[in-house]
Amino acid sequence: MIRDERIPADELRRIDDEIRSNWPTGDAVDFDEAIDYHESLPAHKQFADVLENADKPLLQPRAGVPRLDDQIELLEYLHESGQADLLPTTIDSYTRDNEYGKAQEGLEKARETGEDTLNGFPAVNHGVEDCRNLIEAIDAPIEVRHGTPDARLLAAITFAGGFQSFEGGPISYNIPYTKRHGLEETIEKWQFVDRLAGAYTERGVRINREPFGPLTGTLVPPSIAIAIMIVEGQLAATQGVRSITLGYGQVGNVVQDVAALNALQKLGDEYLPDEVVVTTVFHEWMGGFPPDEARANGVISLGGMTAAIAQPDKVITKSPQEFQGVPTKEANASGLRTTRQVIDMAIEQEIDIDGIAEEQDLIERETRCLMDTIFEHGDGDVVQGTIKAFDSGALDVPFAPSDSARGAVLPARDDDGRVRIFEWADLAMDDDIKEIHKARLSRRADTEGRDQSFRMVADDVDAISDGKLIGRPQNAGDV
Amino acid sequence: MSQTVVLGVIGSDAHVVGITILEQAFSAAGFDVINLGVQTSQEEFAEAAVAHDAEAVLVSSLYGHAEQDCQGFHDVLDAEGVDALTYIGGNLAVGQDDFEQTRETFEDLGFDRVFNSETDPEEAIAALRQDLQITTTEAERATISS
């Protein structure tokens, strides 16, 4: 039975040998040589140090193209024209499915035709040397961003290739991304990823790990996201990770977003071991975007404003072309500059907003209910607790495509646009908290002159792309 | 008497929000809903339709590959002996295709009704009621329009 225990060193070596034989580029990984390589990198490329020592929120976009030269050119552009502080390398979908053969075909076709035949950078196919060519070409730290349920080989190659930050986790890269991977399976695979990051950490190379906070990106109640971040942080800490960045995706209500980011940092510090440095990342709105660039810039700006008030350590920016998919490099850089402009204008202002402390208190109480149920389900073991709590529905994520989660919880916005829970299903929560949500949703129903129903959920899902925060009926009171 | 509908997203598509809303809407309208979730194969639709003696099979697709995913779908349903209405909805074609042309394509594939991504759940429910010749009670009508 899998538990929250550190993988022994000999087991780490055995799995490492096994997974590196899955693709020819795995041969080039040499752990001791990789430690020397990381130590040779200048201070401004040491990801964890740069992030943890920043005095204002650092900005990072999303970006990945198949060819090495193109990826270098793209990241240079985002660094210079977008003033990105931290850079990403987003991995293609075939690699996320461990289909390295198909990724190879795509990469070769991209090299022949010059077209972007993959939707990201196939780092496993590029191998250790080309990863290092990328790290050396760019004058800033770079993180691996993906969505891979089994990221063991990707981690082995990119860590040896000089990357010092790695997104994802066993819940956050399972529940929102795939239907059929069991939680036990992804937890086991991510224990290896974290253990490998921990092995580098033990040797003085702190690999930063970043659980994916936005989850399904669709009206996720803050406490559910925070509980999952804490669990993934705990699992990583057990394996020896010492730099952990917990994530949260903007819901669009400024008070709730600031409260959630405050709670995320506070509870992260409280629940994770003292030797872990906990930082936070704020993702600009992950749901549907308005279909025109001017309005999309409005959404991005509200994210910048929220970041200026809450001051997370990092902000993942969106582009004004979000609606249509992968943005041009110019649009990507403009999302960075818009965010930077708003943050820099607002960050030195003292902005006091009523209600943040109260909302933060509610989020913290809800998160503790969820953490308590996880510990109870696992009899003190967070791995078993997570598996069993998802199984019983005591822990759940709205709109989860995975068979590992019920996906029975439904959120809706209240009259102030804060995300509340409309359908609790079997989620473990104290009754007095449920009453608070019910009362807030009831106030909205009164305002709109309609019953609380799934229609509110459906309307809220589309609201921001339609130009509003709350999905009100067209003619409120007349429906 | 409640009637059963089978609902799912076909192919390797993982867009879950739409069918979650549809599940709620059809349940609220009094149907028994078997939600197969995302990434559902043609065979899984057919097996569920047989197992639950479904009146209708509702197929969702949002990632643009619906036409490929639905090739031969009605042959699979026929082979399993499924006698149900079939509806499909979502973003059914990549790019700026004319929807009437898309409708024709999917009607030719054998679907009884074809909906675009702008369709409200109520419209699909009303269509199904009409096709199944269900008369709505006053109480249900009030629920639907609220």
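Residues numbered from 1 in each chain as written. Chains lettered and ligands numbered in written order. Predicted model: local features only at pLDDT ≥ 70, side-chain atom pairs only at ≥ 80, totals over all residues.

(A) Seen up close, the UniProt feature "binding site: L-glutamate" (unreviewed entry) in chain A. Residue and element names in this part refer to chain A. Residues annotated by UniProt as "binding site: L-glutamate" (unreviewed entry) correspond here to Arg62, Arg96, Arg145, His146, Glu167, Tyr173 and Tyr177. Along the chain, Arg96 turns up in helix α5 (residues 93-96). Not counting the four nearest positions on each side in its chain, Arg96 is found in contact with Ile91, His146, Gly147 and Thr148. The residue Glu167 is located in strand β4 (residues 165-167) in this model. Overall, the presence of 26 C-beta atoms within 10 Å leaves Glu167 in the buried class. Among all residues touching Glu167, those that are not within four sequence positions of it are Glu143, Val144, Arg145, His146, Glu210 and Phe212. (UniProt positions renumbered as here; feature names shortened; annotations may be inferred. Helix = DSSP H or I, 4+ residues; strand = E, 2+ residues; numbered from the N terminus. Contact = placed C-beta atoms within 7 Å. Buried ≥ 20, exposed ≤ 12 C-beta atoms within 10 Å, placed from the backbone.)

(B) Geometry of the UniProt feature "binding site: adenosylcob(III)alamin" (unreviewed entry) in chain A. Residues and elements named next belong to chain A. Mapped onto the present numbering, the UniProt feature "binding site: adenosylcob(III)alamin" (unreviewed entry) falls on Gly64, Asn119, Pro176, Phe289, Lys318 and Glu322. Within the secondary structure, Pro176 is located in the loop between β4 and α9 (183-202). For Pro176, the residues in contact, after removing those within four places along its chain, are Leu215, Thr216 and Ala400. Inspection of the secondary structure assignment puts Lys318 in the loop between β8 (314-316) and α13 (329-346). Here Lys318 falls in the buried class, since 27 other C-beta atoms lie within 10 Å of it. Setting aside its immediate chain neighbours within four residues, Lys318 contacts Glu284, Trp285, Ile300 and Gly335.

(C) Geometry of the interface of chain B and chain A. Residue-level contacts link 12 residues of chain B with 12 residues of chain A. The class makeup of the residues in the side of chain B that touches chain A is seven nonpolar, five polar and no charged. (Nonpolar A, V, L, I, M, F, W, Y, C, P; charged D, E, K, R; others polar.)

(D) Examining the sheet that holds strand β5 (residues 208-210) of chain A more closely. Residue and element names in this part refer to chain A. Taken in spatial order, the eight strands of this open sheet run β1-β8-β7-β6-β5-β4-β3-β2, and their pairing is parallel. A strand with exactly one partner marks an edge of an open sheet, and here the two such strands are β1 (58-60) and β2 (87-90). Pairs of neighbouring strands in the sheet enclose a mean axial angle of 25 degrees, with direction left out of account. For strand β7 (residues 277-283) and β8, the ladder comprises three bridges, and the chain directions are parallel. Opposite His283, over in β8, you have Ile316 as the bridge partner. Its contacts with the sheet put helix α10 (residues 222-238) on β5 and β6 (243-249), and the angle it makes with β6 is roughly 165 degrees. (Pairing = 2+ DSSP bridges. Axes fitted to C-alpha atoms, helices over the stretch in contact; angles between N-to-C directions.)

(E) Spotlight on the pairing of β2(A). All names here are of chain A. On β2, burial covers both faces: Leu87 and Thr89 on one face and Pro88 and Thr90 on the other are all buried. Judged from the four bridges that link them, β2 and strand β3 (residues 142-145) form a sheet pairing that is parallel. Within β3, the position partnered with Pro88 by the bridge is Glu143.

(F) Representation of helix α1 (residues 17-28) of chain B within the structure. An ideal rise of 1.5 Å per residue puts 16 Å on 12 residues; α1(B) measures up with 17 Å between its terminal C-alpha atoms. The element α1(B) is largely enclosed, with a buried count of 10 among its 12 residues. Looking at α1(B), one finds that the buried residues are B:Val17, B:Gly18, B:Ile19, B:Thr20, B:Ile21, B:Leu22, B:Glu23, B:Gln24, B:Ala25 and B:Phe26. Residues of α1(B) that are buried make contact with α17 (454-463) of chain A together with β1 (4-9), β2 (32-35), β3 (56-61), β4 (85-90) and α6 (121-131) of chain B. Backbone geometry just after α1(B) places B:Gly30 at a positive phi near 100 degrees. (Expected span 1.5 Å × (residues − 1).)

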